[in-house]
Amino acid sequence: MAVHCNLLKCLFECVVFYFQVRQVGTNRSFPWGFAILCLLPVLHNVVGSRSSFEEQSSSCGLHATIVRQVEREGFHRELGSLIELVAQNPLEWQNCTIALQETIPSGLYVNQDQLMDLERQGTLTACPETFVDVEASQWHSEAFTVLVYSALQTAHNLLYAHLRMPIHLRYHAPTESGGYAAVFVPPPKLMIRCSNEITCGRKDSYFSAPCDGCSGPQCSWLQLPFSTNTPKDGLRVMVPVGNKSLLSIVNAVTFLVTGGGCLYILSILVSTWR
């Protein structure tokens, strides 16, 4: 209603000023040029209200927030995501499922066998969209995507889900000075699907993906915009890398330990044979 009132006010002021200019007796071409300039704010309001309407329709009245962090230490971590949806009418979204499409960079990986065990236990449903080689190093790997599914829980007008997906660090190539290498996990895509057909949202916001698991039929998912604490570059994970300057020392220690162990085993075998 406020947008319409502003438009009418702007048009009224344009008409009044136009007649005032005609009474003064200025050049005839001036009123036409002024009319064009006067209509520019009107067009700006129309375009602004249209973009605002499209943004609201794309989110279907849902305001989504995702709080993310990488938990635990060492080479075996957890990627935690707390999804919160504020809805005008939460009852309309109770029978819905959300999915996160995570992009896992080449410096990280997920263990498919571990994810299958978590799905059997009813803890987590996560499906890599390609085969994952858990033995490959970082420089022999590529980024891939994982779909993580969850039902929504309700608290008043808040819908939420808390996901924890185990991730693992790949070995990186050693450097001259060692230290750490930074790996960035980008923000995910948030999608929602309901038992009843979703009729809101723009057509370009719908995507086809597996309904609720790693296999089975495809369903239509609505991608939702969201706010997050994740920087644009993504969550940073620091991975320790080897130091090339220590290569000779490491080789010498490895040779001494291996040779000493072989001599010890050989001495036991000889004493037993006698």
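In this text the structure is predicted, and so the values were computed from the model without any measurement.

Each value, and the rule that gives it
- Residues numbered from 1 in each chain as written.
- Predicted model: local features only at pLDDT ≥ 70, side-chain atom pairs only at ≥ 80, totals over all residues.
- Heavy atoms only, no water.
- Pairing = 2+ DSSP bridges.
- Helix = DSSP H or I, 4+ residues; strand = E, 2+ residues; numbered from the N terminus.
- Axes fitted to C-alpha atoms, helices over the stretch in contact; angles between N-to-C directions.
- UniProt positions renumbered as here; feature names shortened; annotations may be inferred.
- Disulfide = S-S within 2.5 Å.
- Buried < 20%, exposed > 50% of the residue type's maximum accessible area, 1.4 Å probe, protein only.

**A short note on the pairing of strand E2 (residues 76-87)**
No. 1: Across ten bridges, strand E1 (residues 62-71) lies against E2 in antiparallel orientation. By the bridge assignment, Ile66 is partnered in E2 with Ile83.
No. 2: Linkage of E1 to E2, two consecutive antiparallel strands, is achieved through a turn of four residues, within which Arg72 is found at a positive phi near 70°.
No. 3: One ladder, built from eleven bridges, connects E2 with strand E8 (residues 158-169); its direction is antiparallel. Opposite Glu84, over in E8, you have Tyr160 as the bridge partner.

**Details of the sheet that holds strand E6 (residues 144-151)**
No. 1: Overall, antiparallel pairing links the six strands, which are arranged E5-E6-E3-E10-E12-E11 in an open sheet. Every other strand in the sheet has two partners, leaving strand E5 (125-128) and strand E11 (206-210) as the edge strands with one partner each. Across the sheet, the mean angle from the axis of one strand to that of its neighbour is 35°, orientation sign disregarded.
No. 2: Note that strand E3 (residues 96-104) and strand E10 (residues 189-194) share six bridges and pair antiparallel. The residue bridging Thr97 from the neighbouring strand is Arg193, located in E10.

**A look at the UniProt feature "transmembrane region" (unreviewed entry) in the protein chain**
No. 1: Taking the numbering used here, the UniProt-annotated feature "transmembrane region" (unreviewed entry) corresponds to residues 246-270.
No. 2: Between the C-alpha atoms that bound residues 246-270 the distance is 36 Å, and the span itself is 96% helix and 0% strand.

**Overview of the pairing of E8**
No. 1: Across two bridges, strand E4 (residues 108-109) lies against E8 in antiparallel orientation. From the neighbouring strand, Tyr109 faces E8, where its bridge partner is His168.

**Concerning the state of the cysteines**
One covalent bond between the sulfur atoms of two cysteine residues makes up a disulfide.
No. 1: In the structure shown here, the tally under the stated rule is three disulfides.
No. 2: Here Cys96 connects covalently by a disulfide to Cys194, the sulfurs 1.9 Å from one another. Because the torsion about its S-S bond is 95°, the bridge between Cys96 and Cys194 counts as right-handed. Of this pair, Cys96 sits in strand E3 while Cys194 sits in strand E10; the two residues are 98 residues apart in sequence, bridging distant segments of the chain.
No. 3: On the accessibility criterion, Cys96 (3% relative accessible area) is buried.
No. 4: Judged by its relative accessible area of 12%, Cys194 falls in the buried class.
No. 5: The disulfide partner of Cys211 is Cys219, and the S-S distance across this bridge is 1.8 Å. What sets the handedness of the Cys211 and Cys219 disulfide is the S-S torsion sign, and at about 85° it is right-handed. For the pair shown, Cys211 and Cys219 are each scored as buried.

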